[in-house]
Amino acid sequence: MMKKYLFIIFWVFVIIVLLLFSVVFKDTRKAIVAQVEPMKTAVSYHKAVRILEIYVIPGQRVNPGDPLVKVERPDLLLDVDRKKNRLEQLESDIRMAQWKFEEKQRELALNKETDIKKIDGEIAKLQIIIENNQQLSSRFGSLTGYADTARNLGSSYYEIEIEVLKNERKKVLTEYKQKLEMARKLHEEEIKTTEVARQEMNMELELLEEEEQNLIRKADIKGTIGSVNAQVGELLSPYSTIMSIYEANPTVIRAFMNEGYKYDTEVNKTVIVESANRQYSIEGKIMEIGKRIVQYPARLQTNVRAPMWGQELFIKIPKDNKFFNGERVFVIIKE
């Protein structure tokens with residue numbers, strides 16, 4: 001009887017052990033194996049630069065705003081000098097245009113005053129002649145027909161001349177106003193054109209000055225410095241990677257679905273991401289299902305002599321996770 005109970009206990013124990021093995025240990029051939037993708041940011045410039053200072057070393061932790069590298073751009077310095085010189089030239093052109101307009105005003109005013117004085121002088125002479133003739137007419141009015149002859153042949157003629165001169169005086173004033181208005185419009189148009197060019201040059205100069213400020217590159221994320229690929233004094237070509245920064249909290253899991261098995265996956269489906277070598281797991285969502293079959297990375301292979309192939313699967317996990325960059329994990333699809 002005792003042997004019968006021992007036999008039953010033994011088989012119960014075996015079943016429990018098998019159940020534990022099935023829960024704890026996973027079939028890596030069928031499991032969706034993955035690794036935490038290190039989110040890497042490259043530091044580079046779109047123009048050729050010379051390294052002046054490097055403020056970090058590989059492995060150093062950085063926070064947003066920490067200085068990383070300081071460079072200089074020879075072409076930028078030349079561009080800034082050119083823009084400043086051109087800006088000074090435009091400002092000089094504005095001053096010159098203002099001076100020319102003032103000179104034109106003085107010239108027109110002087111010509112007007114000269115013509116007006118000349119006309120006023122002629123009118124004054126004619127008025128004197130008229131007054132003299134009137135005096136002669138009043139003194140010798142007793143002479144038969146003299147007064148009427150003087151008025152018909154003298155005073156009326158001079159009065160007509162005075163009217164002509166007055167009309168000419170008005171014409172001079174009108175032409176002065178027209179020329180002054182034309183000069184003002186030409187001046188305003190010249191100033192407007194130059195001012196537009198100056199504003200454009202100021203904007204270009206501001207952009208260049210912003211680029212000058214960006215010559216000291218600062219960290220945008222919290223992370224760890226990876227490789228540093230440049231040295232102080234080195235001249236780098238455009239888009240050369242100076243250094244890389246790895247995000248402190250990885251947020252993307254790159255998984256591989258074994259091509260020999262079928263998985264129930266779809267975008268936005270919730271999954272469990274579980275560490276392969278420690279007790280830690282977190283929920284994530286499928287963000288993309290790859291369209292190609294690729295070979296597993298070396299560290300995810302169970303047998304290096306028998307390469308494994310699978311479909312890529314990208315999973316988004318919360319930023320406040322405790323996974324390490326490059327950590328091996330398993331992905332469990334929630335039913």
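Everything below is about the structure shown above.
In this report, we go over the structure that sits alongside the text. Model, not experiment: these values are computed from the prediction.

**Description of the overall build of the protein chain**
Then comes step 1: Tallying secondary structure elements over the protein chain gives 3 helices and 14 strands in all.
Then comes step 2: Among the 335 residues that make up the protein chain, the fraction classed as buried is 30%.
Then comes step 3: The long-range fraction of contacts in the protein chain, counting pairs at least 24 apart against all pairs at least 6 apart in sequence, stands at 79%.
Then comes step 4: When the accessible area of the protein chain is evaluated, it comes to approximately 22,600 Å², of which 55% is carbon and sulfur surface.

**A few points about the nonpolar core**
Then comes step 1: If you look at the biggest cluster of nonpolar residues, it comprises 24 residues, and the most contacted ones within it are L68, V69, V71, I242 and M243.
Then comes step 2: Taken together, the elements giving at least two residues each to this core come down to β3 (49-54), β5 (67-72), α2 (74-139), α3 (146-213) and β9 (243-247).
Then comes step 3: Among the elements that line this core, the one with the most residues is α2, at 4 residues.
Then comes step 4: Not counting residues up to four positions away in its chain, the partners in contact with V69 are V43, Y45, I51, E53, I54, Y55, L215, I216, R217, I242 and M243.
Then comes step 5: Counting residues in hydrophobic clusters, the runner-up holds 20 residues, among them A255, V271, V273 and I315.

**Looking at the sheet that holds strand β12 (residues 281-295)**
Then comes step 1: Here 6 strands make up a closed barrel; going around it, the order is β1-β10-β13-β12-β11-β14 and the pairing antiparallel. Sheet twist, expressed as the average angle between the axes of neighbouring strands with direction ignored, equals 45 degrees.
Then comes step 2: Sheet topology note: the strand β10 (residues 252-258)/strand β13 (residues 309-316) ladder contains 7 bridges and is antiparallel. Residue R254 lies in a different strand from β13, and its bridge partner there is F314.

**Some thoughts on the pattern of salt bridges**
Then comes step 1: By the definition in use, this model includes 11 salt bridges.
Then comes step 2: The salt bridge involving R254 is made with E312; its shortest N-O contact spans 2.6 Å. Taken together, the positions of R254 in strand β10 and E312 in strand β13 put the pair 58 residues apart, joining distant regions of the chain. Each member of the pair, R254 together with E312, is buried.

**Focus: the packing of aromatic side chains**
Then comes step 1: Tallied over the entire structure, the rule returns 2 aromatic pairs.
Then comes step 2: Pairing F256 with Y296 gives two aromatic rings, centres 5.3 Å apart and planes at 35 degrees, and the pair type is tilted. Here Y296 lies in the loop between β12 and β13 and F256 lies in strand β10, a separation of 40 residues in the sequence. For the pair formed by F256 and Y296, the shared burial category is buried.
Then comes step 3: Seen in terms of ring centroids, Y280 and F323 are 5.0 Å apart; in terms of plane orientation they differ by 75 degrees. Their pairing is edge-to-face. With a gap of 43 residues between them, Y280 in the loop between β11 (270-275) and β12 and F323 in the loop between β13 and β14 (328-333) connect regions that are remote in the sequence.

**A closer look at the sheet that holds β5**
Then comes step 1: A sheet is described by the order of its strands in space; here 4 strands give the open sequence β6-β5-β3-β8, paired in antiparallel fashion. Each of the sheet's edge strands pairs with one partner strand only, and the pair in question is β6 (216-218) and β8 (235-236).
Then comes step 2: Alignment of β3 against β5, held across 4 bridges, turns out to be antiparallel. Within β5, the residue paired with I51 across the bridge is V71.

**Considering the environment of Q127**
Then comes step 1: Within the secondary structure, Q127 is located in helix α2.
Then comes step 2: With 35 residues separating them along the chain, Q127 and I162 place their C-alpha atoms 7.9 Å apart.

**A few points about the environment of E204**
Then comes step 1: Note that E204 resides in helix α3.
Then comes step 2: With a relative accessible area of 32%, E204 lands in the partly exposed category.
Then comes step 3: When the C-alpha positions of E204 and D79 are compared, they lie 9.7 Å apart, and in sequence the two are 125 residues distant.

**Some thoughts on the side chain of E247**
Then comes step 1: Following the sequence through the fold, E247 ends up in strand β9.
Then comes step 2: For the buried E247, no salt bridge exists, and the shortest N-O distance to an oppositely charged side chain is 4.3 Å, to K319.
Then comes step 3: Sequence-distant contacts of E247, defined by excluding residues within four places in its chain, comprise M39, I221, K222, G223, K319 and N325.

**Considering the pairing of β9**
Then comes step 1: Within β9, 4 of the 5 residues are buried, which leaves the element mostly enclosed by the surrounding structure.
Then comes step 2: Bridge analysis of strand β2 (residues 40-43) against β9 gives 4 bridges, and the strand direction is antiparallel. Within β9, the position partnered with A42 by the bridge is S244.
Then comes step 3: Across 4 bridges, the pairing between strand β7 (residues 223-228) and β9 is antiparallel. Across the sheet, the residue bridging to T224 is Y246, located in β9.

Calculation notes
Residues numbered from 1 in each chain as written. Predicted model: local features only at pLDDT ≥ 70, side-chain atom pairs only at ≥ 80, totals over all residues. Heavy atoms only, no water. Helix = DSSP H or I, 4+ residues; strand = E, 2+ residues; numbered from the N terminus. Buried < 20%, exposed > 50% of the residue type's maximum accessible area, 1.4 Å probe, protein only. Contact = heavy atoms within 4.5 Å. Areas by Shrake-Rupley, 256 points an atom, 1.4 Å probe, with all protein chains shown as cover. Core = buried A, V, L, I, M, F, W, Y, C linked by side-chain atoms within 4.5 Å. Pairing = 2+ DSSP bridges. Axes fitted to C-alpha atoms, helices over the stretch in contact; angles between N-to-C directions. Salt bridge = Lys/Arg side-chain N within 4 Å of Asp/Glu carboxyl O. Phe/Tyr/Trp six-rings, centres within 6.5 Å; stacked < 30°, edge-to-face > 60°. Lys, Arg positive; Asp, Glu negative; His and termini not counted.

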